[in-house]
Each structure stands twice: as structure tokens, then as C-alpha cells.
Amino acid sequence: MDKQRIISNTIAFVKETLKGAEGGHDFFHIERVYKNALLIANDENVDEFIVALGALLHDIADSKFYDGDETIGPLKARTFLKEQQVDESIITHVENIIANISFKGGNFDKQFTSPELDVIQDADRLDAIGAIGIARCFNYGGFKNRELYNPEIPPNMHMSKEEYKKSTAPTINHFYEKLLLLKDKMNTETGKKLAMERHQYMESFLNQFYKEWNGLV
């Protein structure tokens, strides 16, 4: 099995599949997660081939763009990896990573765990916070035509998985319902360290946002 060829083919496949995707979930998002996953993997005892494939394919069909259907991503990944003649055990592992990586309102118990999933999940969560996370958050809010902020609509901190998927709340609420929670949900020591600075940047942004909103600066 020529691993480097398979990774190159996977990059090409993902780039083509996500052509024209929403800006926060396009190939550049995948590329950032891929690079962060490899960085974190340096300090972990993991199979870097599985980390690479899982990172590249983790959002190949994000359920939020498929009416909440969480089966499409794993199936697309399986179909592609079988064409690449990847070992069945690796395909199954990647499927499980895709099925268990998402935040899903924070009320989702993972049905599968592995060091590789931990690494990729941290890399994905890093891309959801900090400056990039803020940009992605507002880009998706605009994509869904949501309000920036509405003081009369407080964050819902106790959403079920289904409520989280169907939420139409203002974009600022998402910081409290997900982004500010991620720092304490990181799996690896490297992930935790990298998350700290990004978390602090978001807190500074929110402080400035409220000052400007209320005409204080």
C-alpha cells in the first residue's frame, strides 16, 4: 500500500469534492485541520497515516449541509478509500473518526475512541476557535442569514443534539454554546496548550464587541 500516493489522491479528492463549499467548511478548513493534526501527532503515539486520512476526510460531507444526515460522510469516505485499496481496518477506523468527531451540542457521548480521533478532534476544535474560529463563525452565520447578536435571545446552554443541529440563534450565541467551551474539551496536552491562546483571543474579541455594541468606545 503506497501511503503517500493515497494521501495525495485523498487531497485531490477532497479538494474537488469541496469545491464551492461554504467558506468555513471548504478545503482550506480541511488543510488547516490536516496541518494541525500532524503537528499534534508529533507528540502522540498514533498511526500518522490514519491521522492524515481522518483529518482530510473528516468533513467530506458535513451533516449540517445534508439535512442532518450523519451517514453520508462515513459512506463517502468508505467508497473513496475502497477505490484506493486501503485496508479494511483503516477504512473502518476512519469511518468511526468521521462519525464521532463533531461537537453536536456537547451532549453527545462518543461511541468510539482512539488516540487518532483525539488528535484529529483537537485539530478540528482548534480551527473553531481563535481568529480563524471567529471568522468561520460569522461566515456561517451570514451563510444562514442569522442575526449577529440579539440581547433578547440568550444562549441556550442545555440543548439536545437535535436542538443544537436545528438552532437558528444569533451568531454571538454560538460562542457561548460551543466555542468558549472547547478549551476545556481538548484531548491532548499539545491541543490544550494551543487552545489557550486562541480562547483568550475570543474573550478579548467579545469584550470589544460588547463595548462597540453598547456605544462605549
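Data block above holds the structure.
Quick look at the structure, then. (Residues numbered from 1 in each chain as written. Predicted model: local features only at pLDDT ≥ 70, side-chain atom pairs only at ≥ 80, totals over all residues. Heavy atoms only, no water.)

**Some thoughts on the packing of helix α4 (residues 72-83) against helix α5 (residues 88-100)**
Heads up, the condition is: The angle between two axes is taken between their N-to-C directions and runs from 0 to 180 degrees, where each axis is a line fitted to C-alpha atoms and a helix contributes only its stretch in contact. Starting at the N terminus, helices and strands are each numbered in turn, a helix being any DSSP run of H or I of at least four residues and a strand any DSSP run of E of at least two. To sort the angles, those under 35 degrees are grouped as roughly parallel, those over 145 as roughly antiparallel, those from 65 to 115 as roughly perpendicular, and the leftovers as oblique. Two helices that cross are described as forming a left-handed crossing if the nearer one is turned anticlockwise from the farther one by less than a right angle, and a right-handed crossing if clockwise. In this analysis, two residues are considered to be in contact whenever any of their non-hydrogen atoms come within 4.5 Å of each other. In the scheme used here, Gly and all other residues not listed as nonpolar or charged are polar, with Ala, Val, Leu, Ile, Met, Phe, Trp, Tyr, Cys and Pro taken as nonpolar and Asp, Glu, Lys and Arg as charged.
The N-to-C vectors of α4 and α5 enclose an angle of 155°; their axes lie 9 Å apart at closest approach. Here α4 is positioned roughly antiparallel relative to α5, judged by the angle of their axes. The two elements α4 and α5 meet at a crossing, and its hand is right-handed. Between α4 and α5, the residues in contact are G73, P74, A77, R78, L81 and K82 and E88, I91, T92, V94, E95, I98 and A99, respectively. Residue composition of the contact of α4 with α5, grouped by class: 7 nonpolar, 2 polar and 4 charged.

**Re the environment of N156**
For the record, the criterion: Relative accessible area decides the class of each residue, using a 1.4 Å probe on protein chains only: under 20% of the type maximum gives buried, over 50% gives exposed, and in between gives partly exposed. Two N or O atoms count as a polar contact when they lie within 3.5 Å, although within protein this holds only if one can serve as hydrogen donor and the other as acceptor, and sequence-adjacent residues are included solely when both atoms are side-chain atoms.
As for its placement among the helices and strands, N156 is situated in the loop between α7 (130-143) and α8 (161-166). The exposure class of N156 is partly exposed, given its relative accessible area of 33%. Within the local environment of N156, its side chain forms a polar contact with the backbone nitrogen of H158, the two atoms lying 3.1 Å apart.

**Section: helix α3 (residues 48-57)**
Counting buried positions over the 10 residues of α3 gives 9, a clear majority of the element. Three or more residues of α3 are buried, namely F49, I50, V51, A52, L53, G54, A55, L56 and L57. Against the buried residues of α3 lie α1 (3-17), α2 (27-41), α4, α5 and α6 (115-126). By the N-cap criterion, in which a side-chain oxygen at the helix start approaches the backbone nitrogen of a residue two or three places on, α3 is capped by D47, the distance to F49 being 2.9 Å.

**Brief notes about the nonpolar core**
Applicable threshold: The nonpolar core is taken to be a set of buried Ala, Val, Leu, Ile, Met, Phe, Trp, Tyr and Cys residues, with the residues joined through side-chain atoms within 4.5 Å.
Formed by 56 residues in total, the largest nonpolar core has its most connected members in L57, L81 and F175. Top element by residues in this core is α3. It accounts for 8 residues. Once residues lying within four places of it in the same chain are set aside, the contact partners of L81 are L53, L57, V86, I91 and V94.

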